[in-house]
Amino acid sequence: MSGKRTDFLYLSEPDMIEAGVLDMSRCVDVIEEVFSILSTGDYLMGGPKHNSHGMGIVFPKETPFPNMPVAGPDRRFVAMPAYLGGRFDVCGVKWYGSNAANPSKGLPRSVLTVLLNDKDTGEPLCFMSANLISAMRTGAVPGVGTRYLSRKDSEACSVIGCGPINQSCFHGVMSQMKGIKKVLCYDLYEEKSKAFAELAAKEFGVEAYAAATLEEAMRAGDVITIAASRLKPLILDSTWLKKGVTILLSGPARGDDALWINSRLVYDHVQLHEAYVEEAIASGNKAEYYAGVIGGQIYTLIDEGKIQPLEDSVSLGDIVNGKNPGRQNGEENIILIACGMAVYDIAWGYDLYKYSLEKGIGTKLNLWNEPLWK
């Protein structure tokens, strides 16, 4: 019996831009669809319970092997496999390497790709540049959160952390909040705050400026997007918050216990956080593990009995599907904890792949005309 020819599509970063990867409104709609699918359970990720964030290589502090990399700031490789059902019905993997030293070499901190595969045969469908996929879907998650959790009369947005990831998160927020009139920007580096404010004012026609302190920025925001450096976690004070604030947490931050206890906590997907806790227990050092993930302080408070257990908590997908209410009044403070999942990258990548097929974007590559062994 003759073998089957297998071709797949290659999409470079310019191809991805042509396909619409930077269309935030479209991306938010796709990610909202993903949350709905997550709520139904029609997905799989890695790990024994299908909810693991991924499998990573973390380098040792020292090694006898001259070519083996050693530990450095944000230095790792991670593979994030997933199956996503619904209209997507596809398998894929997000793969990336990260090194905080990359910008000195003219590179992004992380270099990412996504591979989509036929769910039955395993054949590759598309291999694509994924830095922009990852950035956009990261911003689209707080975009969906804004859609369901923010006060509709919100007029001030605070941006905490002024790097490229929060630029995407800010665009996700602004795609949903047409009433924002003022934007306050805060970063450890003042020049980044000023540059972000100039960009916000130019793109959205709002009053925007750099806040002198973290407190100033936090006090002003009706909607606060946080995506600061993992290397220098923020310390937040619950007394700085307005009533009815929505905090969209896409990066690490710590705060006083009251920040978490007196807010309504909504998780991107509760089962993902349960997997983090299980991995923390398996690591043998929960405290160290918790310190490395976005929800770590919350998990500690759960362990101490100060916050309701994860199994009794709310996922954003359940709100999207109407199983739980979104914002219930103008007084409650809501914090969305978003850690990122491969299903988002697979969904946004798949949507762009299908569009590229329709429009003739990308380069067709051949795996084989006929497999040698079959």
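Check the entry above for the structure.
Structural notes, computed from the coordinates. All values reported here derive from a predicted model rather than from experimental measurement.

### With respect to the overall build of the protein
Along the backbone of the protein there are 12 helices and 18 strands. Projected onto its principal axes, the C-alpha coordinates of the protein cover approximately 70 × 50 × 45 Å. In the protein, buried positions account for 52% of the 374 residues. A sequence separation of at least 24 residues applies to 71% of the contacts in the protein between residues at least 6 apart. Here the protein has roughly 17,200 Å² of accessible surface; of this, 54% comes from carbon and sulfur atoms.

### Some thoughts on the side chain of Thr 246
Tracing the sequence through the fold places Thr 246 in strand β13 (residues 246–249). Residue Thr 246 is classed as buried on the basis of its relative accessible area, which comes to 0%. Side-chain polar atoms of Thr 246 contact the side chain of Arg 327, separated by 3.1 Å.

### Some thoughts on the packing of aromatic side chains
Within a pair of aromatic rings, the relevant descriptors are the distance that separates the centres and the angle that separates the planes. Applying the stated criterion to the full structure yields nine aromatic pairs. For the pair Phe 35 and Tyr 344, a centre-to-centre distance of 5.5 Å together with 50 degrees between the ring planes defines the contact as tilted. Here Phe 35 is found in helix α2 (residues 24–40), whereas its partner Tyr 344 is found in helix α12 (residues 342–359), with 309 residues between them in sequence. An angle of 70 degrees between the planes, with centres 5.3 Å apart, marks the rings of Tyr 290 and Tyr 299 as edge-to-face. Here Tyr 290 and Tyr 299 have matching classes, each one buried. Taken together, the ring pairs in this structure connect Phe 59, Phe 77 and Trp 95 into an aromatic cluster. One residue, Arg 26, lies across the ring of Tyr 355, its end atom 5.1 Å from the ring centre. Above the plane of the ring of Phe 59 lies Arg 75, whose end atom (NZ or CZ) is 5.8 Å from the centre.

### Things to note about a nonpolar patch on the surface
Side chains of Tyr 10, Phe 127 and Leu 365 sit close together on the surface and give an oily, nonpolar patch of about 220 Å² of accessible area. Structurally, Leu 365 is set in strand β18 (residues 363–368). Exposure remark for Leu 365: the relative accessible area of 33% places this residue in the partly exposed category.

### Re unusual backbone geometry
Of note in the backbone geometry, His 50 takes a positive phi value of approximately 65 degrees without being a glycine. In the Ramachandran plot, Asp 89 falls in the positive-phi region, its phi being about 50 degrees despite a non-glycine side chain. Relative to the helices and strands, Asp 89 resides in the loop between β4 (76–84) and β5 (90–98).

### A few points about the sheet that holds strand β16 (residues 314–315)
The strand order across the open sheet formed by eight strands is β10-β9-β8-β11-β13-β17-β15-β16, and the pairing between neighbours is parallel. Two strands in the sheet have a free side with no partner beyond their single neighbour: β10 (207–210) and β16. Here four bridges tie β13 to strand β17 (residues 334–337), and the two strands are oriented parallel to one another. Within the sheet, the bridge partner assigned to Leu 249 lies in β17 and is Ile 337.

### So, the pattern of salt bridges
All told, the structure shown has 26 salt bridges when counted by the stated rule. We note a salt bridge from Arg 151 to Asp 222, for which the minimum N-O separation is 3.4 Å. Residue Arg 151 is found in the loop between α3 (131–149) and β8 (156–160), and its partner Asp 222 is found in the loop between α6 (214–220) and β11 (223–226); the two are separated by 71 residues along the sequence. Of the residues examined, Asp 222 reaches a relative accessible area of 7% and is grouped as buried. Via salt bridges that share partners, Arg 26, Glu 33, Arg 87 and Asp 351 belong to a single interconnected network.

### Considering the packing of α3 against helix α4 (residues 164–174)
At their nearest, the axes of α3 and α4 sit 7 Å apart, and the two run at 35 degrees to each other. In this structure, α3 meets α4 at a crossing whose hand is right-handed. Contacts between α3 and α4 involve Ala 135, Met 136, Thr 138, Gly 139, Pro 142, Gly 143 and Thr 146 from the former and Ile 165, Ser 168, Cys 169, Gly 172 and Val 173 from the latter. Classifying every residue of the contact of α3 with α4 gives six nonpolar, six polar and no charged.

Conventions we followed
Residues numbered from 1 in each chain as written. Predicted model: local features only at pLDDT ≥ 70, side-chain atom pairs only at ≥ 80, totals over all residues. Heavy atoms only, no water. Helix = DSSP H or I, 4+ residues; strand = E, 2+ residues; numbered from the N terminus. Buried < 20%, exposed > 50% of the residue type's maximum accessible area, 1.4 Å probe, protein only. Contact = heavy atoms within 4.5 Å. Areas by Shrake-Rupley, 256 points an atom, 1.4 Å probe, with all protein chains shown as cover. Polar contact = N/O pair within 3.5 Å; in protein donor to acceptor, adjacent residues only side chain to side chain. Phe/Tyr/Trp six-rings, centres within 6.5 Å; stacked < 30°, edge-to-face > 60°. Lys NZ or Arg CZ within 6 Å of the ring centre and 35° of its normal. Patch = residues over 30% accessible without salt bridge, like charges linked within 9 Å, V, L, I, M, F, W, Y side chains within 5 Å. Salt bridge = Lys/Arg side-chain N within 4 Å of Asp/Glu carboxyl O. Pairing = 2+ DSSP bridges. Axes fitted to C-alpha atoms, helices over the stretch in contact; angles between N-to-C directions. Left-handed = near helix turned anticlockwise from the far one by under 90°. Nonpolar A, V, L, I, M, F, W, Y, C, P; charged D, E, K, R; others polar.

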